[in-house]
Amino acid sequence: MNLGVFIQELTATIKSGTEEDILELMYFSDKTFEEVNNAGAGNLFKKMLLLPFIGFKDKDFQVTISEVEADLSESDRERFLKTLADKVQLECIANLTYQDEYKNISASAPIGKIGDTYKLVFF
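Please read all numbers here as calculations on a predicted model, not as lab measurements.

## A short note on the side chain of Thr-13
So, point 1. As for its placement among the helices and strands, Thr-13 is situated in helix α1 (residues 3-16).
So, point 2. Sequence-distant contacts of Thr-13, defined by excluding residues within four places in its chain, comprise Asp-21, Ile-22 and Leu-25.

Following this line, the structure appears as structure tokens:
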């Protein structure tokens, strides 16, 4: 799957899919889930991941792509790379926006490539 196809699938799923469909497009490490679970929020973890996207359901929203900042300092880069799973290659940032006369909502999430598959990634 290429990035363009993933963006189309992401847009269609957020617009008209179920919460489970949206979760299928996400990647989060077992370590992250374990840390959240140990903090006592394991049951809420998936709901927390879904919150930014729920407001876009049934809306005609726009998706734009931003490049990942390449100007990280060496220490920031090292710290960030330690949090990434070895198998995840960060590709870009998806920016979702919706605006009408009453609402203005936006959300952003990183997109990573795991093998040949693109996913929204959460560390």
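Once you've had a look at it, read on.
## Remarks on the packing of aromatic side chains
So, point 1. In total, this model carries 3 aromatic pairs according to the counting rule given.
So, point 2. With centroids separated by 6.3 Å and ring planes inclined at 35 degrees, the aromatic side chains of Phe-6 and Tyr-118 adopt a geometry described as tilted. Taken as a pair, Phe-6 in helix α1 and Tyr-118 in strand β5 (residues 117-122) lie far apart in primary sequence, 112 residues in all. In this structure, Phe-6 and Tyr-118 share a single accessibility class: buried.
So, point 3. Residue placement shows Lys-59 over the ring face of Tyr-98; its charged tip is 5.8 Å from the ring centre.

## Some details on the side chain of Lys-59
So, point 1. Note on placement: Lys-59 falls in the loop between α4 (45-54) and β2 (62-67).
So, point 2. An unpaired buried charge is present at Lys-59: no salt bridge exists, and Asp-100, the closest side chain of opposite charge, is 6.4 Å distant.
So, point 3. Residues in contact with Lys-59, not counting those within four places in the same chain, are Lys-15, Tyr-98 and Lys-103.

## Some remarks on α4
Think of an α-helix as 3.6 residues a turn; residues three or four steps apart then line up on the same face.
So, point 1. Phe-45, Leu-49, Leu-50 and Phe-53 are the residues of α4 that are buried. An end-on view of α4 places all buried positions within 125 degrees of arc, on one side of the element.

## Side note on the pattern of salt bridges
So, point 1. Enumeration over the complete set of coordinates arrives at 2 salt bridges.
So, point 2. For Lys-15, the salt bridge is made with Asp-60, and the minimal N-O distance between the two is 3.7 Å. One end of the pair, Lys-15, is in helix α1; the other, Asp-60, is in the loop between α4 and β2, with 45 residues separating them in the sequence.
So, point 3. Using a relative accessible area of 27% as the deciding quantity, one classes Lys-15 as partly exposed.
So, point 4. The class for Asp-60 is exposed, based on a relative accessible area of 59%.

What counts, and where the lines are drawn
- Residues numbered from 1 in each chain as written.
- Predicted model: local features only at pLDDT ≥ 70, side-chain atom pairs only at ≥ 80, totals over all residues.
- Heavy atoms only, no water.
- Helix = DSSP H or I, 4+ residues; strand = E, 2+ residues; numbered from the N terminus.
- Contact = heavy atoms within 4.5 Å.
- Phe/Tyr/Trp six-rings, centres within 6.5 Å; stacked < 30°, edge-to-face > 60°.
- Buried < 20%, exposed > 50% of the residue type's maximum accessible area, 1.4 Å probe, protein only.
- Lys NZ or Arg CZ within 6 Å of the ring centre and 35° of its normal.
- Lys, Arg positive; Asp, Glu negative; His and termini not counted.
- Salt bridge = Lys/Arg side-chain N within 4 Å of Asp/Glu carboxyl O.
- Arc of directions from axis to C-beta.

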